[in-house]
Protein chains: 2
Amino acid sequence: MRIAELSRRSGVPVPTIKYYLREGLLPAGELTSPNQARYAEVHLHRLRLVRAMVELGGLSISAVRDVLGALDDPEKSLHKAMGTISAAVAPPDLGVADEVAQQQVEAFLDRQGWVCRPKSYGYKALVGVLATAREVGHERFADLLDGLARAAWPLAEADLDYVLSAGSTDEALEGVIVGTVLGDAAMAAVRVLARRELSGRRDAALSDLGSNAPDPDPPKP
Amino acid sequence: MRIAELSRRSGVPVPTIKYYLREGLLPAGELTSPNQARYAEVHLHRLRLVRAMVELGGLSISAVRDVLGALDDPEKSLHKAMGTISAAVAPPDLGVADEVAQQQVEAFLDRQGWVCRPKSYGYKALVGVLATAREVGHERFADLLDGLARAAWPLAEADLDYVLSAGSTDEALEGVIVGTVLGDAAMAAVRVLARRELSGRRDAALSDLGSNAPDPDPPKP
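Predicted model, so just to flag it, every value in this text is computed and none were measured.

Thresholds applied
Residues numbered from 1 in each chain as written. Chains lettered and ligands numbered in written order. Predicted model: local features only at pLDDT ≥ 70, side-chain atom pairs only at ≥ 80, totals over all residues. Heavy atoms only, no water. Core = buried A, V, L, I, M, F, W, Y, C linked by side-chain atoms within 4.5 Å. Buried < 20%, exposed > 50% of the residue type's maximum accessible area, 1.4 Å probe, protein only. Contact = heavy atoms within 4.5 Å. Buried area = accessible area lost by both parts, 1.4 Å probe. Salt bridge = Lys/Arg side-chain N within 4 Å of Asp/Glu carboxyl O. Polar contact = N/O pair within 3.5 Å; in protein donor to acceptor, adjacent residues only side chain to side chain. Helix = DSSP H or I, 4+ residues; strand = E, 2+ residues; numbered from the N terminus. Pairing = 2+ DSSP bridges. Domains from an automatic or database assignment. Nonpolar A, V, L, I, M, F, W, Y, C, P; charged D, E, K, R; others polar. Least-squares fit on C-alpha atoms with pLDDT ≥ 70 in both. Phe/Tyr/Trp six-rings, centres within 6.5 Å; stacked < 30°, edge-to-face > 60°.

Visitor: Account for the nonpolar core, with residues named and values stated.
Guide: Grouped together as the largest cluster of nonpolar side chains are 153 residues, with contacts concentrated most on Phe141 of chain A together with Phe141 of chain B. Contact partners of Phe141 of chain A, with chain neighbours within four places excluded, come to Val129, Leu130 and Ala133 of chain A together with Tyr162, Val178, Gly179, Leu182, Gly183 and Ala186 of chain B.

Dropping the structure here:
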């Protein structure tokens, strides 16, 4: 197909496709004349993956390039690819040196029995989040971490099962990308829905803030 | 304090502070001369909140303005503020019209017993995520939604408890911002840590992809 059809079928504007081609996120098409190229289904598929990472995952162009590098690596390993993808999707490392926040993260990892190097992406990101919470006067925010871990563990299991049920390494690697990037976007959307549902059910309690009266409208089962 | 001290204590560069002042994200300081202003602790606090939303939450300047508008609204209501904040943190609505994805979301909401209008932010974002998953050939991604909901529900409860335990409406509103923006960033970091921990434990299984042999190294309890 021509670039116009690639654009129509992917929903990505032609100038953006040309930008992705220049940045190496999309392999070049087959040249049919000095200034025309033909693209195949494999290009459409790759373009949709790139679009998902940029638009839903909010990944930067260089992060997308890293992730695709893991996918195209001839010596690809799923574990290594998961590391690359973790680095790309983890919240930014704010570079905060906060002793208390670091101790909170260490204590949390101890409670969970998780082995984690202080230089790994999730670790630094979490220290930054807790340091920020402390800065804005929410020290007790760290109390929420164990609940997050209880929620995150079965999700990580489901992610990994999803990946391991793939028929080939290529398919599994793509499953890591889809599971991680789309999984985080889906989780954010589901949290929004859950919060709204719950705040609707507890509306009476919300409008009665500050009083310690029992919820007059108990949540439905 | 002068703007230089505000910058030093917040870690936000002076030009960025001036930009936030121009954009109305930070109230003006008290003028001490035609071109010098004095800032108070309240400015430092607001600046740290803005930084958290921009750097950790990845919110756009206009989304931050909406959220702060909810905080500064004289007729503020927690439920309304939660709506505004949900809109700001929900993944983008890709504007995809995908009948199958919409049916998947409807079926999911039915199974959960959640009441949700098709125009709400989380709903449209979720349709976009599922449509994207289908486009890249991962139809069964929708199977993960119930697990996300099971994980999201206790988190939403913890968020709301956190907010309701605040002493004043102002504090509660700020709790919504902190709980939502920092909560999403913390969850993303904890998911990264959980995935790495689990993939480390299952490493043997990962390097044996494609075979259906049982995991030779069962996960530690």
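Visitor: Could you give an account of the interface of chain A and chain B, naming the residues involved and the relevant values?
Guide: Facing the 88 residues of chain A at the interface are 88 residues of chain B. Buried area between chain A and chain B, both sides added, is near 8,500 Å², and the carbon and sulfur share of it is 69%. Here chain A and chain B share 7 salt bridges between them. Arg48 of chain B is the salt-bridge partner of Glu135 of chain A, the closest N and O atoms lying 4.0 Å from each other. One can count 10 residue pairs in polar contact (both at pLDDT 80 or more) joining chain A with chain B. At the level of elements, helix H3 (41-56), helix H5 (78-89), helix H6 (99-112), helix H7 (121-135), helix H8 (145-164), helix H9 (169-201) and helix H10 (203-206) of chain A are the ones that each hand at least two residues to the side of chain A that touches chain B. Of the residues forming the side of chain A that touches chain B, the biggest block, 27 residues, is contributed by H9 of chain A.

Visitor: Please set out the pattern of salt bridges residue by residue, giving values where relevant.
Guide: With the rule as written, the count across this model stands at 23 salt bridges over all chains. Arg51 of chain A is paired through a salt bridge with Glu135 of chain B; the nearest N and O atoms lie 3.9 Å apart. You can see Arg51 of chain A sitting in helix H3 and its partner Glu135 of chain B sitting in helix H7 (residues 121-135), one on each of two chains. Each of the salt bridges in this network shares a partner with another, and the network as a whole consists of Glu135 of chain A together with Arg48, Arg51 and Glu55 of chain B.

Visitor: Break down the pairing of strand S1 (residues 30-33) of chain A for me, citing the residues and quoting the values.
Guide: Residue and element names in this part refer to chain A. By the bridge criterion, 3 bridges tie S1 to strand S2 (residues 36-38) in an arrangement that is antiparallel. Bridging from a neighbouring strand, Ser33 pairs with Gln36 of S2. Hairpin connection, S1 to S2: the antiparallel pair is bridged by 2 residues.

Visitor: Could you give me a rundown of the domain arrangement of chain A, with the residues and numbers involved?
Guide: Put simply, an interface is often sized by how much accessible area is lost when its parts join up. Residue and element names in this part refer to chain A. Along its sequence, chain A is organised into domain 1 (1-56) and domain 2 (76-209). Between domain 1 and domain 2, the C-alpha centre-to-centre distance is 32 Å. At the junction of the two partners, domain 1 supplies 5 residues and domain 2 supplies 6 residues. Taken together, both faces of the contact between domain 1 and domain 2 bury some 460 Å²; the carbon and sulfur share is 82%. The three residues of domain 1 that bury the most area against domain 2 are Leu49, Met53 and Leu56, which together make up 77% of that side's buried surface. Where domain 1 meets domain 2, there are 0 salt bridges. Linking domain 1 with domain 2 are 1 residue pair in polar contact (both at pLDDT 80 or more), by the criterion used here. Its residues assigned to classes, the side of domain 1 that touches domain 2 shows 4 nonpolar, 1 polar and no charged.

Visitor: Got a sec to walk through the relation of the copies chain A and chain B? Specific residues and values, please.
Guide: Note on the identical chains: chain A maps onto chain B by a rotation of 180 degrees and an axial translation of 0.0 Å, with an RMSD of 0.0 Å. Taken together, these values place the two copies in the relation of a two-fold axis. Closest approach to the rotation axis within chain A is made by the C-alpha atom of Ala151 of chain A, at a distance of 2.3 Å. Most of the interface of chain A is mirrored in chain B, where 100% of its interface residues again form contacts.

Visitor: Give a description of the packing of aromatic side chains that names residues and reports values.
Guide: Residues and elements named next belong to chain A. For the structure on display, the rule yields 6 aromatic pairs over all chains. Taking 5.8 Å as the distance between ring centres and 70 degrees as the angle between the ring planes, the aromatic pair formed by Phe108 and Trp114 counts as edge-to-face. Taking relative accessible area as the criterion, Trp114 reaches 8% and is therefore assigned buried.

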